[in-house]
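These are the residues of each chain, in order.
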Amino acid sequence: MTRPLEGTRVLDLTRLLPGPYASLVLADLGAQVDKIEDTSPGDYLRLAPPLVGDTSGLFLALNRGKRSGCLDLKKASARDALLKMVERYDVLFEQFRPGVLDRLGLGHATLRARNPRLVVCALTGYGQDGPLAQRAGHDLNYLARAGVLGMQGPPDAPPQPPGFQLADIGGGLWSVIGILAALHERAATGQGRVVDVAMVEASMGFAAVSYAQLAAGHVPRRGQEPLTGGLAIYGTYGTKDGKYVSLGALEPKFWMAFCAGAGLQADLSAVMPGPHQDSLRETLRTLFASRTRAEWEAFSRQHDCCLEPVLEPEELHADEQLRARGLFFEMDSPWGRIQQLHTPLADRQATPAPPPRLGEHTDVILREAGLDDAPIAARKAEGAAREAAQIFRKSAMNSQSAMRPLRSRIDSSAEKRASHRGSVPRISLASTPWATARSALTRSRAVS
């Protein structure tokens, strides 16, 4: 079966989570995604614990179906190679702070001058302009600035970080939308465009209800709105066996169905906010604690009332609905059999390539750009390009050297805290993710 984006070529300069998730979606839809990484250590995510062999499990989850080429864009010959490459691509996807590519001589205007049909997607925290454009940030910061974080958690506690990277994934998905829209526009005009995606703005859509309330003159309060804790019939409850269930019986018919099955008197005031919600919440807390989660699952199969178990991550593979939909699969890879999760629109019958080794496809990508063996060899000789066979020993040595000062700062900081607090022990890096990453780097050096 032909996938929707087959024949679309994406040059992916992004790393870590937001951009690679977006390019994973594009790859699952059939695009050829060529991931251009630094010559050492490449995408930093490769070293993030927990590891599968010598590589991050998260990197393996985000980068199937892609190719990897290594260029040091600080070197002129690597930049020249990239400019040759963009002539053959439909999309260039980047995640640098605004102005970084300009300083390298690879600004958006320069790229599009080489290929007017090129769609350039720039994914950043705060966008290409504005007073915060150059500010560093992470997912939590973007959610905070977007007004999303302020609505997380109970009313009598600080805002609670969500258990997932909402801004990162949201920014990635809006990048996909922007890229697809620009490609559609190009089909009519013959011209590409720059797609400017800010993760703080991508996050704001998740607070659409709060903004609508503000527009209507109501100031929403954390933990007190109907969908954030204000209604007892929309929340989570502990069960007899120490697990949890989620109840979302917002509509009267679902609440009445729940009450009929549970032996409660149906009172439609339950669907309206107010001080009476506190006593109802206590009633429900006692009720749910009287049965195990499995018993409540059996209850929900008999009563259509929007009641579902709260699954822990390790339980997902056994879930009958997810298994029936074919969400999980395994693939062979240089790291052995690895587990993967389909993106929602992926062709479940397709067989994607495994995640790439760092620089695994450097030569073929450069040849496709029109470079012959001699100029490719010259770039390798000066360190402007690398292929997999060259990388592992140097990457491991450089990464260990780069980590050493940071490890020293961590230890020094821990010692200072211990000296101030007396009884606080010194942090041992042997039990931290750094030790795991260091061990993987050592193994990589040994096998190369």
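Within every chain, residues take consecutive numbers counted from 1 along the sequence as written. Restriction of local features to residues with pLDDT of at least 70 applies here, the model being predicted, together with a cutoff of 80 or more for giving and counting side-chain atom pairs; totals for whole chains, interfaces and linings are based on all residues. No hydrogens and no water enter the side-chain calculation; it runs on all heavy atoms of the structure.

### What about the confidence of the model for the chain?
Thought 1: Confidence of the predictor at the level of single residues is given by pLDDT, which spans 0 to 100. Summary statistics for the chain give a mean pLDDT of 90 and a share of 87% for residues scoring 70 or more.
Thought 2: In the model, residues 405-448 has pLDDT below 50 throughout and makes 49 contacts with residues more than four positions away in sequence or in other chains. The contact criterion used throughout is that any non-hydrogen atoms of two residues lie within 4.5 Å.

### Remarks on the packing of helix 11 (residues 252-262) against helix 12 (residues 277-288)
Thought 1: To get an axis, a line is fitted to the C-alpha atoms, and for a helix only the part in contact is used. The angle between two axes follows their N-to-C directions and goes from 0 to 180 degrees. The numbering of helices and of strands both runs from the N terminus, where a helix is a DSSP run of H or I of at least 4 residues and a strand a run of E of at least 2. Here helix 11 crosses helix 12 at 50°, and the two axes come no closer than 13 Å. Here helix 11 lies oblique to helix 12, going by the angle between them. Our pair here, helix 11 against helix 12, has a crossing hand that is left-handed. Where helix 11 approaches helix 12, its residues Trp-255, Phe-258 and Ala-262 are matched on the opposing element by Leu-280, Leu-284, Leu-287 and Phe-288. Each angle is binned into one of four classes, with values under 35 degrees roughly parallel, values over 145 roughly antiparallel, values of 65 to 115 roughly perpendicular, and all other values oblique. Crossings are classed by handedness, with left-handed meaning an anticlockwise turn of the near helix from the far one by less than a right angle and right-handed meaning a clockwise turn.

### Re unusual backbone geometry
Comment: phi is negative for the bulk of residues other than glycine, and the bulk of peptide bonds are trans.
Thought 1: Ser-40 connects to Pro-41 through a cis peptide bond whose omega is 5°.
Thought 2: Within the fold, Pro-41 resides in the loop between strand 2 (32-37) and strand 3 (51-52).
Thought 3: Backbone geometry places Cys-306, a non-glycine residue, at a positive phi of 60°.
Thought 4: By secondary structure assignment, the location of Cys-306 is in the loop between helix 13 (293-302) and strand 11 (307-309).
Thought 5: Using a relative accessible area of 32% as the deciding quantity, one classes Cys-306 as partly exposed. Only protein chains enter the calculation, and the probe is 1.4 Å; a residue is then buried if its accessible area is under 20% of its type maximum, exposed if over 50%, and partly exposed in between.

### Quick look at the sheet that holds strand 10 (residues 244-248)
Two strands in a sheet stick together by hydrogen bonds in their backbones, pointing the same way (parallel) or opposite ways (antiparallel).
Thought 1: DSSP calls a pair of strands paired once it identifies at least 2 bridges connecting them. Judged by pairing direction, the sheet is antiparallel, and its 3 strands sit side by side in the order 9-10-11 without closing on themselves. For this open sheet the edge positions go to strand 9 (234-238) and strand 11, each flanked by a neighbour on one side alone. Sheet twist, expressed as the mean angle between neighbouring strand axes with direction ignored, is 25°.
Thought 2: Where strand 9 and strand 10 come together, 5 bridges link them in antiparallel fashion. Along strand 10, the bridge assignment pairs Tyr-234 with Gly-248.
Thought 3: Each of strand 10 and strand 11 touches helix 13; the most contacted strand, strand 11, lies at about 145° to it.

### A few points about the pattern of salt bridges
Thought 1: A pair is scored as a salt bridge if a Lys or Arg side-chain nitrogen falls within 4 Å of a carboxyl oxygen belonging to Asp or Glu. Overall, the coordinates contain 23 salt bridges when judged by the stated rule.
Thought 2: With a shortest N-O distance of 2.7 Å, Glu-368 and Arg-67 are connected by a salt bridge. Here Arg-67 lies in strand 5 (residues 66-71) and Glu-368 lies in helix 15 (residues 362-368), a separation of 301 residues in the sequence.
Thought 3: Looking at Glu-368, the relative accessible area reads 24%, which means it is partly exposed.
Thought 4: With a relative accessible area of 15%, Arg-67 lands in the buried category.
Thought 5: Here Lys-84 makes a salt bridge to Asp-80, at a shortest N to O gap of 2.6 Å. Of the two residues, Lys-84 and Asp-80 both sit in helix 3 (residues 76-86), 4 residues apart, roughly one turn of that helix.
Thought 6: Each member of the salt-bridge network shares a partner with another, and the members are Asp-363, Arg-367, Asp-373, Lys-380 and Glu-387.

### Quick look at the environment of Pro-4
Thought 1: Inspection of the secondary structure assignment puts Pro-4 in the segment before strand 1 (9-12).
Thought 2: On the accessibility criterion, Pro-4 (69% relative accessible area) is exposed.
Thought 3: In this structure, the C-alpha to C-alpha distance between Pro-4 and Leu-29, residues 25 residues apart in sequence, is 5.8 Å.

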